[in-house]
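Listed here are the chains, written in short residue letters.
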Amino acid sequence: MPVRSVAVLAAVVLSLPAAVPAAHAAAPGITTVTVGNARFEVLSPTLIRTEYAADGRFTDAGTFNVVGRGGFPQSRLARGSVRKKIDDGWLTIETGAVTLRYQVGSGPFAGDNLSVRLKAGQQQVDAAPWAGPVCTPGLLCEAETLRPAATATDHAGYTGTGFAAGFTATGDELGFTTTVPAAGAYQLGLRYANAQGGDGQNTSRSLSVTADDGAPVRIALPPTGSWDTWKVVTAQLTLAAGRHRITVGRTAADSGNVNVDSLALVRPGDPYPQPVQTTARPCPFDAICEAGTGALSGGAKRAADHNGHSGDGFLAGLEHAGASAAFTITGIPAAGDYAVQLRYANGQAGSRPIQPRDVTVNGTTVSLAPTSGWDYWRTLAVPVRLKAGTDTVTLGCPTDDSCNVNVDTVAVAAATAPLKAPHAPLGGYRRGLDGVDGGALTQPGLLYQDGWSLLDDSASALYDPATRKVTQRPAKEQDGYLLAYGKDFARGLRELSTLTGPTALLPEWAYGVWYSEYYDRTAADFQQTIVPRFRSEGVPLDVLIVDTDFKSPDTWNGWEIDPAKFPDPRGFLDWAHGQGLHLSYNVHPSIRTSDPKYAQAQAIAKGKIKDGVFDWGDPDQLAAYFWLHQDLQQDFTWLDWCCDNAGSSLPGVTPDSWINQQYADRDGFAFSRGYGSLQAGGYGNPTAVPAGPWAEKRTTLHFTGDTISNWPTLRFEVGYTPGESAATGLAAISHDIGGHTGGLQEPGGEPGSTKLPDDLYARWVQFGTFQPIDRLHSNHSDRLPWQYGADAAASAKTFLRLREQLRPYTYAAAREANRTGMPIARPLYLAYPDSPEAYAVAGSEYLYGPDFLVAPVTTPGATATTTVWFPPGDTWTDYFTHQVYQGGTTAQITTTLATMPVFVKGHTARR
């Protein structure tokens, strides 16, 4: 099918990206306020650096995350716009956008001594950015509520809503503050499980407990028999009376690889306490309350197995008649009509169709429209009549076929009050999607719906961008950046881009069509069959990836190109360039001791390579590692972080971030995983390190890993790409188009290969056309159009050609991302923050650049009907049919494999 020209859209003129500004103590004129051991730098009206140093020595140098602190000149602050005063022992700083208060002399920042106030639209937001989990001595604390690196529910016998999972990477930890009434001896108990791990071992392991600035106390964790069996161990602590910060985590000296269910700080000899029984808590009028804190009955329960909720979880279990949650509302000003604001998710409930679901509110039936999945939430106001003072609001489930919704928050407000936004994350990131089958938990990032976040940079190493040198910073400093963007989420991303450096701008060719497959190929295969077929079929191709089987003598971690498969590597690269292609080889970060290059690599590393893996934090080993690349004739390297144990011993920089920076310095960008430290967790470890994404976006094209090839996973990826960009600022995200392995596979056209059903293949290629990177890839599974039936092949060819036509437009959007922080794939709430629908449909549609609204088909069949919401304020023209839709409406769009729901903002589409 012919497609219209995108020349007008591609001609958007954007300025070239500016260089990353150097970080320094304060740009000229930056307002700096120091009171005792606390320092505050007002970088902009919506960005305040908050520092606490027990010795009064603050950090002026840049860190590995924060390289652009000097990019906020005083000119951005209106004269006199920052006001400061100390009154009754409290420092107040007002910027015009945010008010910060700190109790002078009260010590490190916490929930009770530092607060901020801002506006998010019409909503006044009061927050305590440095508030952390609090555990009361003598009471059990659930580990999953203490902000661990990863949580899970995939083993039996835990209490609460899950457990802290893995501790697979150095730096993985959880923590809490506590106040002890008297000085003396205490013991911290841990309820844990330890069985055979991903490393194949079933052995005693360890974590470390740290109190305040003290030395870590090693705690041994013997095997428990299985992952469903839990035991309690204790660590002895000596504490002074007063407040303390306790952390449990994996240091460089620990083995980790355990699960922790709960913790408790008690006096020596006291028994380990039982789980705290959750009791209903009153909900004040005009406040946002967690729905799980109501009085639950009939199967209603708290859960935390989906993304995007506020607090520690949400109300689930509304699945049968009689399930209910009752909320005691206090402070109702007068008898009369009010609104109950419900933030809810309504996704696919088992095999039941996606449909509106009914709940009752004080006996009145209310229909809740679907959201685009269980990770996406809509807020709805429901009329209710209440008496003055204290009254009850009850959510009920009228029938077994109704309900099946989750409720995050409840608020009772005036009938005409604007909808309230909780502190709920928007989007999220994950180190990889390996093994993801339809969904996965993600790590919250920059954006929250109520308009503020804290970028905690305390653990980041000091870093000089000019020399690329890392220095460990003083321990136990607090160094965090309060971003108070309100509903201007684009401003939050823009200021993050300035503060931590812009997202990487790739070469223009990287935004074209990639072909990659984990299948044993030779130079002759590419030169005589695959690339000629692309050309004869009129299908564009820009990037060619050669996967791991090219290696010799070992196809996994060898470091020579097999001469039987690629007899002339330099000639092969020259041929690729002659075809207009850019070439990359796949490498795994390890080497066998029997490899012909091992001896020389070990000599360069001065004998420090251990067990064939590298410590990239050691300059000699890093030099040896890159020496191994010298014979790879290529344009860039694919670092396929998988099952190999390489890492970095540098403190304050995650191994991913460090090696990706080295590849970017060498090749221009890193094609790699990001955000974490896979080497300690084995293949598929999802752990994401909170410090990672801010640096990762400067260097990395994020390869998301080995997903399952089925419809639910395709559906998950639709919301994941814009969500990761919103959470991290990273614009260049690359999925395996078609998925990697398993799922809905059929016999393929080559020996040992498989293929997808025709409809799934065609729809996944359509999806890839409107992704930052369009990379056809699989594990021995067909991904070429001519390997499929006529309709699927025609569809794939059409959309791959469209991708090539869109390359200038995509590159323009990438330049905008580099310049402003606005990503290529954009959640709708970035452009329409006042529309509840923009949040509810964020899992099914998104903006591709500024002009395209894309709603990929994620249901099987030669034809499919997709629900599309059209954002307000513009008309939207169907790219294929030219039908015009009015903004602020919803329509059912039916497409064949030849088309998909794509709409152009404010334009009449022309062929």
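The structure presented is a predicted model; accordingly, all values stated were derived computationally and were not measured.

Q: Help me out: how do you make sense of the pairing of strand β17 (residues 242-249) in this one?
A: When strand β12 (residues 173-180) meets β17, the two strands line up antiparallel, connected through eight bridges. Considered in β17, the bridge of threonine 177 is made with arginine 245. Where strand β14 (residues 205-211) lies against β17, four bridges are found, and the strand directions are antiparallel. Paired with alanine 211 across the bridge in β17 is isoleucine 246.

Q: Looking at this structure, I do not really get the sheet that holds β12. What am I missing?
A: Two modes of strand pairing occur in sheets, parallel and antiparallel, and in both the strands are linked by backbone hydrogen bonds. Strand order in the open sheet made by the four strands is β12-β17-β14-β15, with antiparallel pairing throughout. On the outer flanks of this sheet lie β12 and β15 (217-221), each paired with one strand and no other. Averaged over neighbouring strand pairs, the angle between their axes works out to 25° when direction is ignored.

Q: I'm lost on the pattern of salt bridges in this one. Help?
A: Oppositely charged side chains are able to pair whenever their charged atoms sit close together. In total, this model carries 40 salt bridges according to the counting rule given. A salt bridge links glutamate 51 to arginine 39; its shortest N-O distance comes to 2.7 Å. You can see glutamate 51 sitting in strand β3 (residues 47-52) and its partner arginine 39 sitting in strand β2 (residues 38-44), a full 12 residues away along the chain. For the residue pair glutamate 51 and arginine 39, the accessibility class agrees, reading buried in each case. The partner of arginine 826 in a salt bridge is glutamate 816, with the nearest N and O atoms 2.8 Å apart. On the criterion of sequence distance, the pair formed by arginine 826 in strand β47 (residues 825-826) and glutamate 816 in helix α11 (residues 790-820) is long-range, its members being 10 residues apart. No difference in accessibility class separates arginine 826 from glutamate 816, as the two residues are buried. Sharing partners across several salt bridges, the network here consists of Arg39, Glu41, Arg49, Glu51, Asp60, Arg473, Glu477 and Asp479.

Q: What am I meant to see in the sheet that holds β47 here?
A: In spatial order, the strands read β47-β48-β49-β54-β51-β52; together these six strands make up an open sheet with antiparallel pairing. This sheet does not close on itself; its edge strands, each paired only once, are β47 and β52 (884-886). As paired strands, strand β49 (residues 852-854) and strand β54 (residues 902-905) are joined by three bridges and run antiparallel to one another. Bridging across to β54, leucine 853 finds its partner in phenylalanine 903. Docked against the sheet, α11 engages β47, β48 (846-848) and β49, running at close to 100° with respect to β48.

Q: So what exactly am I meant to see when it comes to the environment of phenylalanine 799 here?
A: Mapped onto the elements, phenylalanine 799 comes out in helix α11. Considering only alpha carbons, one finds phenylalanine 799 and alanine 295, 504 residues apart in sequence, at a separation of 52 Å. Not counting the four nearest positions on each side in its chain, phenylalanine 799 is found in contact with Val765, Gln766, Thr769, Phe880, Leu897, Ala898, Thr899 and Met900.

Q: Would you mind going over empty space enclosed by the protein with me for this structure?
A: Where empty space is left can be seen by rolling a probe of water-molecule size over the atoms. Evaluated as defined, the whole model comprises six cavities of 30 Å³ or more. The space that makes up the largest cavity amounts to roughly 270 Å³. Along the wall of the largest cavity there are 21 residues; nearest its centre are Asp375, Tyr376, Leu426, Gly427 and Gly428. Looking at side-chain class alone, the lining of the largest cavity contains 10 nonpolar, eight polar and three charged residues.

Q: Help me out: how do you make sense of the pairing of strand β18 (residues 259-266) in this one?
A: Every regular strand shows the same layout, with side chains that alternate between the two sheet faces. Burial analysis of β18 places eight of its eight residues in the buried class, the great majority of the element. As paired strands, strand β9 (residues 140-142) and β18 are joined by three bridges and run antiparallel to one another. Pairing of glutamate 142 across the sheet is with serine 262, part of β18. When strand β13 (residues 184-193) meets β18, the two strands line up antiparallel, connected through seven bridges. Residue pairing for β18: glycine 189 is matched across the bridge by alanine 264.

Q: I'm lost on the packing of aromatic side chains in this one. Help?
A: Aromatic ring pairs: the centre-centre distance and the angle between the two ring planes describe each pair. Within this structure, the stated rule accounts for 51 aromatic pairs. An aromatic cluster is built from Trp509, Trp514, Phe636, Trp638, Phe669, Phe671 and Phe703, whose rings are joined through pairwise contacts. Cation over ring: arginine 101 sits above tryptophan 90, and NZ or CZ is 4.5 Å from the ring centre. It is arginine 698 that lies over the ring of phenylalanine 64; its NZ or CZ is 5.4 Å from the centre.

Q: Explanation requested: the side chain of arginine 49 in the structure shown.
A: In this fold, arginine 49 is placed in strand β3. Classification of arginine 49 by relative accessible area gives buried; the value is 0%. A polar contact of 3.1 Å, which involves the side chain of arginine 49, links it to the side chain of glutamate 51. At a separation of 2.9 Å, a polar atom in the side chain of arginine 49 contacts the main-chain carbonyl oxygen of threonine 59. Among all residues touching arginine 49, those that are not within four sequence positions of it are Arg39, Phe40, Glu41, Thr59, Arg69, Asp479, Gly480 and Tyr481.

Q: What should I look at first to understand helix α2 (residues 489-500) in this one?
A: It helps to recall that an α-helix has 3.6 residues per turn; residues three or four apart then point in one direction. When the terminal C-alpha atoms of α2 are compared, their 16 Å separation across 12 residues agrees well with the 16 Å that a helix rising 1.5 Å per residue should span. Among the 12 residues that make up α2, 10 are buried, leaving the element largely enclosed by the rest of the structure. Considered for burial, the residues of α2 that qualify are Phe489, Ala490, Gly492, Leu493, Glu495, Leu496, Ser497, Thr498, Leu499 and Thr500. In the segment just after α2, glycine 501 is the residue with positive phi, at about 95°.

Q: What's the story with unusual backbone geometry in this structure? I'm lost.
A: Residue serine 552 is joined to proline 553 through a cis peptide bond whose omega torsion reads 0°. For proline 553, the position within the fold is in the loop between β37 (551-552) and β38 (560-561). Not every positive phi belongs to a glycine, and asparagine 362 is a case in point at roughly 50°. Tracing the backbone through its elements, the reader meets asparagine 362 in the loop between β26 (357-361) and β27 (364-368). Accessibility expressed as a relative area gives 33% for asparagine 362, which makes it partly exposed.

Q: How should I be thinking about the side chain of arginine 473 in this particular structure?
A: Within the secondary structure, arginine 473 sits in the loop between β33 (469-471) and β34 (478-483). Exposure remark for arginine 473: the relative accessible area of 6% places this residue in the buried category. Of note is the side chain of arginine 473, whose polar atom sits 3.2 Å from the side chain of threonine 59. Here arginine 473 is in contact with Thr59, Thr63, Asp457, Ser458, Ser460, Leu462 and Asp479, once residues within four sequence places are set aside.

Q: Just to check I follow, could you spell out the packing of α2 against helix α8 (residues 692-699) for this structure?
A: The geometry of a pair of packed helices is captured by two quantities: the angle between their axes and the separation between those axes. Axis separation between α2 and α8 bottoms out at 10 Å; the angle between their running directions is 80°. By the criterion of interaxial angle, the relationship of α2 to α8 is roughly perpendicular. Only Trp694, Lys697 and Arg698 of α8 make contact with α2, whose side of the interface consists of Leu496, Ser497 and Thr500. Tallied by class, residues from the contact of α2 with α8 come to two nonpolar, two polar and two charged.

Q: What should I look at first to understand helix α9 (residues 711-728) in this one?
A: Between its first and last C-alpha, α9 extends 26 Å over 18 residues, near the 26 Å set by a 1.5 Å rise per residue. The buried fraction of α9 is high, at 16 of 18 residues. Just downstream of α9 lies glycine 729, where phi reads positive at about 85°.

Basis of the calculations
- Residues numbered from 1 in each chain as written.
- Predicted model: local features only at pLDDT ≥ 70, side-chain atom pairs only at ≥ 80, totals over all residues.
- Heavy atoms only, no water.
- Pairing = 2+ DSSP bridges.
- Helix = DSSP H or I, 4+ residues; strand = E, 2+ residues; numbered from the N terminus.
- Axes fitted to C-alpha atoms, helices over the stretch in contact; angles between N-to-C directions.
- Salt bridge = Lys/Arg side-chain N within 4 Å of Asp/Glu carboxyl O.
- Buried < 20%, exposed > 50% of the residue type's maximum accessible area, 1.4 Å probe, protein only.
- Contact = heavy atoms within 4.5 Å.
- 1 Å grid on protein atoms, 1.4 Å probe; cavity = no way out; pocket = protein on both sides within 12 Å on 5 of 7 lines; lining within 4 Å.
- Points joined across faces, edges and corners; volume = space filled by probe spheres on them.
- Nonpolar A, V, L, I, M, F, W, Y, C, P; charged D, E, K, R; others polar.
- Phe/Tyr/Trp six-rings, centres within 6.5 Å; stacked < 30°, edge-to-face > 60°.
- Lys NZ or Arg CZ within 6 Å of the ring centre and 35° of its normal.
- Polar contact = N/O pair within 3.5 Å; in protein donor to acceptor, adjacent residues only side chain to side chain.
- Expected span 1.5 Å × (residues − 1).
- Parallel < 35°, antiparallel > 145°, perpendicular 65-115°, else oblique.

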